[in-house]
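# Observations on the three-dimensional arrangement
Each chain is listed here by its residues.
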Amino acid sequence: MYIPDQTPRHSVYYNYSIYPFQTPPELRGTTQTYPVVIVGAGPIGLVTALELARYNIPVQVISAEVQVSHGSRAIVFTRRSMEILQQVGIAERMLATAYPWRSGNSIYRGQRVFRLEAPHDEDDRFQPLNNLQQQYVEQYLIEQAQLNPLIELRWGSQVMGVTSFSEHAELQIDTPEGEYTLSCNWLIAADGAKSTIRQVLGLRMEGASYRGRFVIADIKIDIPWPTERLAYFDPDWNRGNTILMHRQPEGIWRLDYQLPPNETPEQALAPESLNTRIQAQLDMVGVTAPWELDWCSVYSARAMTLPDYMHDRIIFTGDAAHMLPIFGVRGANTGFQDAQNLAWKLAMLLKGIGTPKLLTTYSSERVTAAQEIIAEASKSTRFMAPPDRGFRLLRDAVLSLSLTQAFVRPLFHWRTSRPHDYHDSALNALQDDNAQFTAGPAQGMPLQNIRLADNDYLFDHLGAAFHVLYFTDQIVPVAILDAIQTLQHTGIPIQLLTIGNQQRFTDQDGHFAKRYDALTGSAYLVRPDQHVCARWKSLSADQLKAAIYQALGQGA
Amino acid sequence: MSQLGLAELEAVYDALAAAINQVGTEQESLFLTKLVLLLANQLGDQTQIEQAITTALRDL
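Residues numbered from 1 in each chain as written. Chains lettered and ligands numbered in written order. Predicted model: local features only at pLDDT ≥ 70, side-chain atom pairs only at ≥ 80, totals over all residues.

Looking at an unreviewed UniProt entry, one finds chain B named DUF2783 domain-containing protein and attributed to Thiothrix eikelboomii.

The name given to chain A in an unreviewed UniProt entry is 3-(3-hydroxy-phenyl)propionate hydroxylase, with the source organism recorded as Thiothrix eikelboomii.

Structure follows, in C-alpha cells:
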C-alpha cells in the first residue's frame, strides 16, 4: 500500500495545495487500454499531456506526488519555452508573474569582467529569459489540465513496475487503496532524472558526470537589484568555486554555489553551513538585509542522454531521457521542446495520418538535439566547475587575465539554451527552394515570430496543425486551395495563412515578406511544432503535397 | 616566422627566470598558463600554438 505524504510542503511564501488521490476505474473493477499514459506530472509530463489534448488525444497522467514540486528548481524559462507554453495556454499567467530579463554578468574580484545581453527582436512577443519558480509553472499547467476533459490526473499513484509488449505497455501501480494494473497503447516516461521506468527497463544514459556539486537555495530577502544573471567566480569565501544569483518573484532570490570537493550533501545542507555560506555571499556583495531560507537542495552536474528515446511502446522525455547541466537553463527548456516534438507525431500516428517512421523521428531529432546541447553544456561546465587540474588552471588563468585583457572575456559566454535546428531531419522536404532564401527561418528552424500589430503576433494565430504561410498580393491559386482542401479531407490538420494585400495578414509595410525573403507566390510549410520543413520561392500544389507526405513520414 | 637573435633570446631567458622566481612555486603554473594565453593571442595562429604545445611535451 503506497501512502503519499499529504502534508503540504513547507514554504515561507508559497501555499502548497494537495491534489487528493481518487479511486480510479481499475480499482472499481473496470479495465480498459488507454491510448496514452504519461508517468510524471512535472512540467514536461504536463506540457506533453496538454499538447496531446490539443490534438484531441485523451491522456492519463500518473503521479506519485499529491502536490507540486518543492522549491524553485527550474527557474529560467526561455523565449522558445514561452512560445510553447503559449500554445498550451499558460503564457499569459506566466507573463503576469514571471520576471523577464536578458543581461548576464560575470564578476571576479569585485569587478564585472563580462556582460552579455541576449538579443531581443522587435518581432518577438516574449523576452529572451523569464524567471519563475517551477512550482508556479506546475500549478498553472495543472490548473490548465484540470479544465481539459481529455486529461485525467491520477495523484498519489506510484509506479511499481512496467512491462513492455509489442503493441502495448502495462504499468503496475500502487495507491492508498491498493495496487492495480494500467494498460496503454503508448507509455510516456516523464518521470524525471531518477526515472523509475528507465531504471526498471535497465536503460543506461551515455555521457559525462561531473564531480562538481552545487547547493541550490531559495531565500526570502529584499535586494533592490534588477533581474539579471549574476555569476561570481572564485570569491574569497569559496575559493576556486562559482556562485550564481537569480532574482525570482515573491521577494525570493536563488543562490547556487559550488561545494568544496569531498563535502557530502548532508554536510553542505547542515543549517550552520548554509547560514555561514549564504551570509558570506551576501556580505561579499554588500547586502545587509535580513533573510530567511525557504528551500535548499544539492545538485550535481551531469551531461548525459539515453541513445534512443523509444523502446517498443515506451517513450522517454525530459529529464527521464537526458540530464543536462543547469548553468545554461537547459533542463525544463529542453524538455518542453521534447514534449512539443513528441505530441504532434504521436497524435498523427494515433489518428492514422502519420506513420511509425514519423514517430521514430521524435527520437532521432531529440537525441541529436540533446547531444548538441551536451557538447555546448560541457564547454560551460568546464568553465563554471572545472573537472580537473588542467581545466582549473586554464580557468584561473582566464579569470586573472580577464581583469585587464579583453580577449579572454568572451570565454565567459554562458551559452544559454536555444531551440534546436532540425536541419538534417528526415521530415524536411527533399525538393524545395531552401537554399535560395537569403532571410527567414530555414528548413528545420523554428518559425520567427512577427509583430503584426499592437499585442498581436504571428504565433498568436498558430494552432495544433501544419501551417502554410503563403505570400501573395493576388488571389491564392485555385490549385493550392484545392491541394489544401484535399489534404484536410484526408484528416490532415493543415491551415493556410495568407500574407499580403487584402490577405489574412495585410503586411502593409512589407516587413513580414522582407524578414521571410518572400515574393508573391512564396510559401513556408510549418510543422505543428512550429519548425519549418519546406519553403519555396514559388509554391506549386504538387510540391506542397509531396512536402506534407514527407513531413508525415510517408516519404520514400 | 621571425626568430629571436641570441642576445634577445638571452634577455627573454633571464626575464622569464626572474619572473618564475618572483611568483614562487604555488603561483608558477598559473603565471605560465597566463603567459601562454597572452602569447597565443598575440601570435594569432592556432596551428602554430598547437605545434608548440606538442613540441614542449616532447623529451620531458
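Additional details are given in the paragraphs that follow.
Helix and strand content of chain B: two helices and zero strands. Classification of the 60 residues of chain B by burial places 3% in the buried group. (Helix = DSSP H or I, 4+ residues; strand = E, 2+ residues; numbered from the N terminus. Buried ≥ 20, exposed ≤ 12 C-beta atoms within 10 Å, placed from the backbone.)

Turning our attention to the sheet that holds strand β22 (residues 466-471) of chain A. Residue and element names in this part refer to chain A. If you trace the four strands from one edge of the open sheet to the other, you get β23-β22-β24-β25, paired in mixed fashion. Strand pairing shows two members of the sheet lacking a second neighbour, β23 (494-499) and β25 (532-536), which therefore form its edges. Averaged over neighbouring strand pairs, the angle between their axes works out to 15° when direction is ignored. As paired strands, strand β24 (residues 523-526) and β25 are joined by four bridges and run antiparallel to one another. Paired with Y524 across the bridge in β25 is R535. Along the sheet, helix α11 (residues 478-489) contacts β22 and β23; its crossing angle with β23, the most-contacted strand, is approximately 155°. Of the strands in this sheet, β22, β23, β24 and β25 touch helix α13 (residues 541-551), which is tilted by about 165° from β25. (Pairing = 2+ DSSP bridges. Axes fitted to C-alpha atoms, helices over the stretch in contact; angles between N-to-C directions. Contact = placed C-beta atoms within 7 Å.)

With eight residues of chain A in contact, the opposing surface of chain B contributes six residues. When grouped by side-chain class, the residues that make up the side of chain A that touches chain B number six nonpolar, one polar and one charged. (Nonpolar A, V, L, I, M, F, W, Y, C, P; charged D, E, K, R; others polar.)

As a further point, take the packing of α11 of chain A against α13 of chain A. All names here are of chain A. Relative orientation of the contacting elements α11 and α13 amounts to 25°, with a least axis distance of 8 Å. The pairing of α11 with α13 is recorded here as roughly parallel in orientation. Crossing of α11 over α13 shows right-handed handedness. Across the interface between the two elements, A479, I480, D482, A483 and L487 of α11 pack against A541, L544, K545 and I548 of α13. (Parallel < 35°, antiparallel > 145°, perpendicular 65-115°, else oblique. Left-handed = near helix turned anticlockwise from the far one by under 90°.)

Next up on the list: the sheet that holds strand β3 (residues 76-78) of chain A. Residues and elements named next belong to chain A. Strand order across the open sheet formed by three strands is β3-β7-β4, with antiparallel pairing between neighbours. Both edges of this open sheet fall to β3 and β4 (99-101), since each of them pairs with a single strand only. Strand-to-strand twist in this sheet, taken as the mean axis angle between neighbours without regard to direction, amounts to 30°. With three bridges joining them, β3 and strand β7 (residues 129-131) adopt antiparallel strand pairing. Paired with T78 across the bridge in β7 is L129. Packed on one face of the sheet, helix α2 (residues 79-88) meets β3 and β7 and runs near 80° to β3.

Let us now look at unusual backbone geometry. Look at D517 of chain A: it is not a glycine, yet its phi comes out positive at around 45°. With respect to the helices and strands, D517 of chain A occurs in the loop between α12 (511-515) and β24. Judged by the 15 C-beta atoms lying within 10 Å of it, D517 of chain A falls in the partly exposed class. Although it is not a glycine, D59 of chain B sits at a positive phi angle of roughly 60°. Residue placement: D59 of chain B occurs in the segment after α2 (46-57). The exposure class of D59 of chain B is exposed, given the 5 C-beta atoms found within 10 Å.

With that settled, consider the environment of L38 of chain B. Residue and element names in this part refer to chain B. Note on placement: L38 falls in helix α1 (residues 6-43). According to the C-beta neighbour criterion, L38 is partly exposed, with 15 such atoms within 10 Å. Separated by 15 residues in sequence, L38 and I53 place their C-alpha atoms 14 Å apart.

Let us look at the nonpolar core. The nonpolar side chains of a soluble globular protein tend to be buried, and buried together. Counting residues in hydrophobic clusters, the biggest one holds 117 residues, and the most contacted among them are I38, A49, L187, A189 and L525 of chain A. Core analysis: the second largest hydrophobic core is formed by 25 residues, V215, I216, Y232 and W253 of chain A among them. (Core = buried A, V, L, I, M, F, W, Y, C linked by C-beta atoms within 7 Å.)

Here we take up the pairing of β23 of chain A. All names here are of chain A. For β22 and β23, the ladder comprises six bridges, and the chain directions are parallel. Residue pairing in the sheet places F466 in a bridge with I494 of β23. You can see the chain leave β22, run along α11 and come back into β23, and the turn it takes is right-handed. (Right-handed = clockwise from strand over helix to strand, strands pointing away.)

This part is about the packing of α2 of chain A against helix α8 (residues 331-350) of chain A. All names here are of chain A. One way to put it is that α2 packs onto α8 with a least axis distance of 9 Å and a crossing angle of 40°. Comparing the axis directions of α2 and α8 gives the class oblique. Crossing handedness for the pair α2 and α8: left-handed. Residues R80, S81 and I84 of α2 pack against N333, F336, Q337 and Q340 of α8. For the contact of α2 with α8, the per-class residue count stands at two nonpolar, four polar and one charged.

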